[in-house]
Amino acid sequence: MTDESWAGWYRDRHGSEAVILTTDGRQLRIRVRGTDFEGESFDRLGPVAGASPESGAFDLADGVLGDCVLEWDLPIPVLVAGTVRHATLSCLLSLRRADPDLFLALHLDGAVYESKRAEGDFASALATIRRVLPPDIHLQICTACALSGYLPASGRGISGGLGCFREVKDAYREAVEESGVERLWDRRSGVVQEVWSCREFEPRPAGAELAAASGAGRRPCAPGPAGRAGIGRLGAFPLEHA
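Treat the numbers as computed from the prediction; the structure is a model and nothing was measured. (Residues numbered from 1 in each chain as written. Predicted model: local features only at pLDDT ≥ 70, side-chain atom pairs only at ≥ 80, totals over all residues. Heavy atoms only, no water.)

**Student:** Can you walk me through the sheet that holds strand β13 (residues 148-149) in this structure?
**Tutor:** Backbone-to-backbone hydrogen bonds join strands into a sheet, with any given pair of strands oriented parallel or antiparallel. Pairing is antiparallel across the open sheet formed by 3 strands, whose spatial order is β13-β14-β15. The two strands at the open ends of the sheet, each matched to only one other strand, are β13 and β15 (190-192). Judged from the 2 bridges that link them, β13 and strand β14 (residues 162-164) form a sheet pairing that is antiparallel. Looking at the pairing, Ser148 lines up with Cys164 of β14. (Pairing = 2+ DSSP bridges. Helix = DSSP H or I, 4+ residues; strand = E, 2+ residues; numbered from the N terminus.)

**Student:** In this structure, what is going on with the packing of aromatic side chains? I would like to understand it.
**Tutor:** How two aromatic rings sit relative to each other is given by the distance of their centres and the angle of their planes. Under the criterion given, the structure shown has 7 aromatic pairs. Seen from their ring centres, Phe42 and Phe122 are 5.6 Å apart, and the 20° between their planes marks the pair as stacked. Of this pair, Phe42 sits in the loop between β4 (35-39) and β5 (46-47) while Phe122 is found in helix α1 (residues 122-132), placing the two residues 80 residues apart along the sequence. Given the relative accessible area of 2%, Phe42 is considered buried. Each residue in the set Tyr10, Phe37 and Phe58 is aromatic and connected to the rest through ring pairs, giving one cluster. (Phe/Tyr/Trp six-rings, centres within 6.5 Å; stacked < 30°, edge-to-face > 60°. Buried < 20%, exposed > 50% of the residue type's maximum accessible area, 1.4 Å probe, protein only.)

**Student:** What's the story with unusual backbone geometry in this structure? I'm lost.
**Tutor:** Here the phi dihedral of Ala81 falls at roughly 50°; this positive angle occurs in a residue that is not glycine. If you trace the backbone, Ala81 turns up in the loop between β8 (68-80) and β9 (83-95). Phi at Asp109 takes a positive value of approximately 50°, unusual for a residue other than glycine. Along the polypeptide, Asp109 turns up in the loop between β10 (101-108) and β11 (111-114).

**Student:** What should I look at first to understand the environment of His86 in this one?
**Tutor:** Within the fold, His86 resides in strand β9. Between the C-alpha atom of His86 and that of Pro75, which follows or precedes it by 11 residues, the distance is 6.3 Å. With sequence-adjacent residues up to four places away left out, His86 is seen in contact with Ile76, Pro77 and Leu108. (Contact = heavy atoms within 4.5 Å.)

**Student:** Sorry if this is basic, but what is going on with the pattern of salt bridges here?
**Tutor:** Oppositely charged side chains can form a pair if their charged atoms are brought close together. Counting across every chain of the model gives 10 salt bridges. Residues Asp36 and Arg31 are paired through a salt bridge, measuring 2.9 Å at the closest nitrogen-oxygen approach. On the basis of relative accessible area, Asp36 is assigned to the partly exposed category, the value being 25%. Overall, the relative accessible area of 45% leaves Arg31 in the partly exposed class. (Salt bridge = Lys/Arg side-chain N within 4 Å of Asp/Glu carboxyl O.)

**Student:** Before we go on, may I ask you to explain α1 in this structure?
**Tutor:** Working note: α-helix, 3.6 residues per turn, so residues spaced by three or four point in the same direction. Among the residues of α1, those classed as buried are Phe122, Ala123, Ala125, Leu126, Ala127, Thr128 and Ile129. Of the surrounding elements, those touching the buried residues of α1 are β8, β9, β10, β11 and β12 (137-139). For α1, the capping residue at the N-terminal end is Asp121, with a side-chain oxygen 3.3 Å from the backbone nitrogen of Ala123. (Polar contact = N/O pair within 3.5 Å; in protein donor to acceptor, adjacent residues only side chain to side chain.)

**Student:** What exactly am I supposed to notice about the environment of Ala61 here?
**Tutor:** Position of Ala61 among the secondary structure elements: in strand β6 (residues 60-61). Here Ala61 falls in the buried class, since its relative accessible area comes to 15%. Between the C-alpha atoms of Ala61 and Asp43, which are 18 residues apart in sequence, the distance is 9.7 Å.

The analysis is restricted to geometry; functional conclusions fall outside its scope.
Pasting the structure below:
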């Protein structure tokens, strides 16, 4: 896999700054105030081995970034009437200590397709967007791929932990039909971020949901307003403490 980088902003009670988020499809990395953080989920970003953040520079919760806001845009491929196009996915994530919130907005040809105002994770937010897309528009990312699924009954973070089964395609299709994904889990090609994409993408059949994508391990997403009016860069999801 080739790394992808996304420009964005980081904000907490100590201030804000421009940042670069990097991923190889599985592991996430971000450098804030001279300290490198990494993890397989946005709510599990801890200092890399050997890194010692300056005392008081961050509000770490159980050793990972917390009580902060991340905002970034990333390009994602979409299929529009049979033609591959590139849309922009705007992401706004509030890593509040007890109750993280995520908002996604897909921008394509002047139209905006939004998730709910406060989703619990990427799987739920992207599923919301998929449901409101016109019939001839399809996301071409791992969460919409027929060869991906979550381990049943597993706790997972806001992002990542999505199993890729591209190397055992036939066995996975059979396992999904028989609700037997768990027995095939050890044969997965790896775990990926929901927004990742590869050349072996296969569209998930209409109406089919991710295996075990019911939010196991995550809180239920809260409904939000239909619009995004008033949300601007660094202006939404104020930090709140439990």
